[in-house]
Amino acid sequence: RTHPLEIPPPSEKDWLKEDEEDFFLQDPDRKHDALPQPFRMINKLVMLAFENAMEIIERKEMLQEAQKLKVQPTKCFPMAEFQVTGRANCLAVSGKYIFVGLSVGLAAFRVSDYKEICAWDAVKTEICAIHISDLGNECHVLLAVDEMGLVWLFCFHKESFLLIKVLNEIEDISKRSACVEVVLSPGGDYTGVMLQGNTKAWLEIYRLPKDSWLKETEKNPGAAAGLACRERRAQHSSQADIFLLQESPVSANRADAKLSLPVLLLKVKPPRPITGSSFKSPLDALKKVDDGSMLGLGYNHLIKNSQWEQQEAIFRSTYQEYLEAEGERESKEEIPRHATFHFLLPSQILQVGPEMKVQPDVPAGISVHWDGSHNLCLYLLNRPLKEKVDYDPKPDVVWPCAAPIACSAVSSCSRYLALACEDATITIWDKHLGYPLSVTAILEERHIRSIHFL
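Numbers given to residues run from 1 along each chain, matching the order in which its sequence is written. Whole-chain, interface and lining totals are the exception, using all residues; otherwise, since this is a predicted model, local features are given only for residues with pLDDT of at least 70 and side-chain atom pairs are given and counted only at 80 or more. With hydrogens and water set aside, each side-chain value is computed from the structure's full complement of heavy atoms.

J.: I tried to follow the sheet that holds strand β5 (residues 127-136) on my own but got confused; where do I start?
T.: By this definition, two strands are paired if DSSP reports at least two bridges between them. For helices the rule is a DSSP run of H or I covering at least 4 residues; for strands it is a run of E covering at least 2, with both sets numbered from the N terminus onward. The strand order across the open sheet built from four strands is β5-β6-β7-β8, with neighbouring strands paired in antiparallel fashion. Because the sheet does not close on itself, it has two edges, and the strands there are β5 and β8 (161-166). Neighbour-to-neighbour, the strand axes of the sheet open up by a mean angle of 20°, direction not taken into account. Examined bridge by bridge, β5 and strand β6 (residues 139-146) share eight bridges and lie antiparallel to one another. Residue pairing for β6: H131 is matched across the bridge by L143. Along the sheet, helix α3 (residues 210-219) contacts β5, β6, β7 (151-157) and β8; its crossing angle with β5, the most-contacted strand, is approximately 75°. Orientation is described by lines fitted to C-alpha atoms, with helices fitted over the stretch in contact, and by angles between N-to-C directions that extend from 0 to 180 degrees. Residue contacts are counted whenever heavy atoms from the two residues lie within 4.5 Å of one another.

J.: Mind showing me how you'd approach the pattern of salt bridges here?
T.: Working definition: two side chains of opposite charge can pair if their charged atoms are close together. Put simply, a salt bridge is a Lys or Arg side-chain nitrogen that is within 4 Å of an Asp or Glu carboxyl oxygen. The final tally for this structure, using the stated rule, is eight salt bridges. Two residues, E138 and K158, come together in a salt bridge whose shortest N-O distance is 3.8 Å. Separated by 20 residues along the polypeptide, E138 in the loop between β5 and β6 and K158 in the loop between β7 and β8 bring together distant segments of the chain. Think of it in three bands: with a 1.4 Å probe and only protein chains considered, a residue is buried below 20% of the maximum accessible area for its type, exposed above 50%, and partly exposed in between. For E138, a relative accessible area of 39% corresponds to the partly exposed category. We note a salt bridge from D430 to R415, for which the minimum N-O separation is 3.0 Å. Placement of D430 in strand β21 (residues 425-430) and of R415 in the loop between β19 (405-410) and β20 (416-421) is noted, with a sequence separation of 15 residues between them.

J.: What is the right way to look at the nonpolar core in this model?
T.: For soluble globular proteins, nonpolar side chains are generally found buried alongside one another. Membership of the largest hydrophobic core comes to 22 residues, with the highest contact counts inside it found for V151, L153, V193 and W213. No other element matches the four residues that β6 contributes to this core. Not counting the four nearest positions on each side in its chain, V193 is found in contact with V151, L167, C179, E181, V182, W202, L203, E204, Y206 and F341. Put simply, a nonpolar core is a bunch of buried Ala, Val, Leu, Ile, Met, Phe, Trp, Tyr and Cys residues held in one set by side-chain atoms that sit within 4.5 Å of each other.

J.: For this particular structure, what's the right way to read a negative patch on the surface?
T.: Distance thresholds for patches are 9 Å for like charges and 5 Å for nonpolar side chains (Val, Leu, Ile, Met, Phe, Trp, Tyr), applied to residues having over 30% relative accessible area and no salt bridge. Throughout, the Shrake-Rupley method with a 1.4 Å probe supplies accessible areas, and for residues the shown protein chains are the sole cover considered. In summary, the charge assignment counts Lys and Arg as positive and Asp and Glu as negative, without counting His or the chain termini. Charged groups are reduced to one reference atom each: NZ for lysine, CZ for arginine, CG for aspartic acid, CD for glutamic acid. On the surface, a cluster of negative charge is contributed by E51, E55, E58, E61 and E65. Structurally, E58 is set in helix α2 (residues 39-69). Relative accessible area serves as the criterion here: at 44%, E58 is assigned to the partly exposed category.

J.: I'm lost on the sheet that holds strand β16 (residues 365-370) in this one. Help?
T.: Pairing between the strands of a sheet comes from backbone hydrogen bonds, and it takes one of two forms, parallel or antiparallel. Within the open sheet, the four strands sit side by side as β15-β16-β17-β18. Their pairing is antiparallel. In the strand order of this sheet, the two ends are held by β15 (339-344) and β18 (397-400), each with one partner. Along the sheet, successive strands turn relative to each other by an average axial angle of 20°, direction set aside.

J.: Looking at this structure, how should I read the side chain of E126?
T.: Along the chain, E126 turns up in the loop between β4 (116-120) and β5. By relative accessible area, which is 17% here, E126 ends up buried. There is a polar contact of 2.4 Å between the side chain of E126 and the side chain of R87. Within the structure, the side chain of E126 is placed 3.0 Å from the side chain of N89, a separation counted as a polar contact. With residues up to four places along the chain from it excluded, the contact list for E126 reads R87, N89, L102, S103, V145, D146 and E147. A 3.5 Å cut-off defines polar contacts: any pair of N or O atoms within that distance qualifies, except that in protein one atom must be a possible hydrogen donor and the other a possible acceptor, and neighbouring residues in sequence count only when both atoms are side-chain atoms.

Shown next as structure tokens:
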């Protein structure tokens, strides 16, 4: 060593000033010694953990306070409950009554006191769907679909079920058709029933004589009151109300309800696949066209089968490599088995003849589109009654679309019609004016399953 060994001066650069300040504040007379290392480090770690915990607690308290300031959803609790016979499958409300479809029939409850006032279980059939409309004068029209696909038409009057008709009943069970969908028009003037058989499907449109029902029920109030299958009559006891089931002397069978039957207006079948023309000359094709003022379904054309086959062969030879890469399989055109239909109020696109009376709140037509079809077909309902029903009516108006129609919806005011196609394009039509209001194309290719107006 060049220099003698010296004791180094004390250094305070590594001391924490906070510790010194805290020490003098807590112990100004220095009666207690400062904590040596490593206890000071342990104390720091404990205090840091405590401060972090307090920050987390404060943050959670702030989130809870902000959550309290938000609008809380209203919690609804049941006001009352009522017991039903069997299992409840569906329900509908009309006027002051609640109608419930049961595993053994139908039941009606009063909204005011939730008491069962009438039930129908003559056939012990399971009801799966209910459609109902208030006709006024304590009269309601009710359509019930059972587990076998049968459509039961009732008139509920004076707290009694009146069975009018089973719309699709056939004695031969092998030829019976099942109901797929039922639509009841607002006001109960018309109803549409979508039926499917073993190999085919079709749509039946009925006119409901609701004015005749109101008159007939007013003329025979006693007979209508006796058509209830069973009624619950309350007998008060000292402890609770006891309800006794009593069979009515008259059961609601098919022959009991002597009311006017619904009238079958239309029977719409799915469009046939377009095949080659059978006309020998253009003059023969022109004879089949009415006046050329509207678009048709494309059946009256002059394209031969050989021309289509030749076009198909040219297409496949040109794009053979792409077809093989996609693994496309040849598939024959199948007749569609389901249709979507809506009842439409009078508008510019549904022109009715001067001899037919039009009411603004009564449907004047229906719109129908079948699965996989590009065409929206409109049919008028104000047709003169014929002895023989038109089983393959010609649409009064045809709206062709660029792609097959996937789904549709009609606004509550019946003025706007929304069409969603399989190419993810949504078009909003103004039926009163007859032109589209907007066309929206979804950028990502998505399959639209349903569309609704809010």
